[in-house]
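# Structural overview
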Amino acid sequence: KKYFMLKHGVLWYCASSEDQTNRKSISLVGADPIVKSKTFQKCFEINTPIRVYVLVAGTMDEMHSWIKILNAQRKYANQNDHIQLAEFFASDYESSRTNK
C-alpha cells in the first residue's frame, strides 16, 4: 500500500502520510488518458511516455473518482506544459532581438 498526493499534474507517492522520506512521482505531462484496466478489477492505468503504472483502488467508485480526477489533472498538466514552452520561446525570441 502507498500514500498518494496529487498536485499540479504530478502524482506523488510514498510509504505513508507520516513517512514521506522516499517520495516518488508520476508526471501526467504527455500521459495518455487514464483508463480502467482491462485485466484487473478496481485497477486503472497511467500510461506515461516512460512507463505504464497500474494502480488499484479500494472500490469501483473510488477507481472511477481517481480516473476522473487524474484525467482532469492530466489535461491541466499538458496545457500548462504548452504554456510554459510558448513562454520560453517568446522569451528566447525577445532576448535574441534585443541582443542584436
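Above this text is the structure in question.
I will try to describe carefully the structure that is included in this document.

What counts, and at which threshold
- Residues numbered from 1 in each chain as written.
- Predicted model: local features only at pLDDT ≥ 70, side-chain atom pairs only at ≥ 80, totals over all residues.
- Heavy atoms only, no water.
- Helix = DSSP H or I, 4+ residues; strand = E, 2+ residues; numbered from the N terminus.
- Buried < 20%, exposed > 50% of the residue type's maximum accessible area, 1.4 Å probe, protein only.
- Contact = heavy atoms within 4.5 Å.
- Areas by Shrake-Rupley, 256 points an atom, 1.4 Å probe, with all protein chains shown as cover.
- Pairing = 2+ DSSP bridges.
- Axes fitted to C-alpha atoms, helices over the stretch in contact; angles between N-to-C directions.
- Phe/Tyr/Trp six-rings, centres within 6.5 Å; stacked < 30°, edge-to-face > 60°.
- Lys NZ or Arg CZ within 6 Å of the ring centre and 35° of its normal.
- Polar contact = N/O pair within 3.5 Å; in protein donor to acceptor, adjacent residues only side chain to side chain.

## With respect to the overall build of the chain
What the chain contains, in helices and strands, is one helix and six strands. Put simply, the chain runs from its N terminus to its C terminus through helices and strands in the order β-β-β-β-β-β-α. Evaluated residue by residue, the chain yields a buried proportion of 24% over its 100 residues. Intrachain contacts of the chain at a sequence separation of at least 6 include 32% that bridge at least 24 residues. Counting every atom, the chain has about 7,400 Å² of accessible surface; 53% of that belongs to carbon and sulfur.

## Thoughts on the sheet that holds strand β1 (residues 3–7)
Ordered by their spatial adjacency, three strands build an open sheet running β1-β2-β3, and the pairing between neighbours is antiparallel. Both edges of this open sheet fall to β1 and β3 (24–27), since each of them pairs with a single strand only. Ignoring which end each strand starts from, the neighbouring axes of this sheet average 25° apart. Relative to strand β2 (residues 10–14), β1 is paired through five bridges, and the arrangement is antiparallel. Within β2, the position partnered with M5 by the bridge is W12.

## Notes on the packing of aromatic side chains
One pass over the full model with this rule turns up three aromatic pairs. Ring centres 6.4 Å apart and planes at 20° place the aromatic pair F44 and W66 in the stacked group. Note that F44 is positioned in strand β5 (residues 43–47) and W66 in helix α1 (residues 60–98), a separation of 22 residues in sequence. Since its relative accessible area comes to 25%, W66 is described here as partly exposed. Directly above the ring of W12 sits R23, whose terminal nitrogen or CZ lies 5.0 Å from the centroid.

## Considerations on the environment of K36
On the secondary structure map, K36 appears in strand β4 (residues 35–36). In this structure the C-alpha to C-alpha distance between K36 and V56, which are 20 residues apart in sequence, comes to 9.9 Å. If near-sequence neighbours (up to four positions away) are discounted, K36 is found in contact with C43, F44, M60, M63 and I67.

## Let's talk about the side chain of T48
Mapped onto the elements of the fold, T48 is located in the loop between β5 and β6 (52–56). Relative accessible area serves as the criterion here: at 9%, T48 is assigned to the buried category. A polar contact is formed between the side chain of T48 and the backbone oxygen of R51, at a distance of 2.8 Å. Beyond its immediate chain neighbours, meaning those up to four positions away, T48 contacts I26, S27, A31 and Y53.

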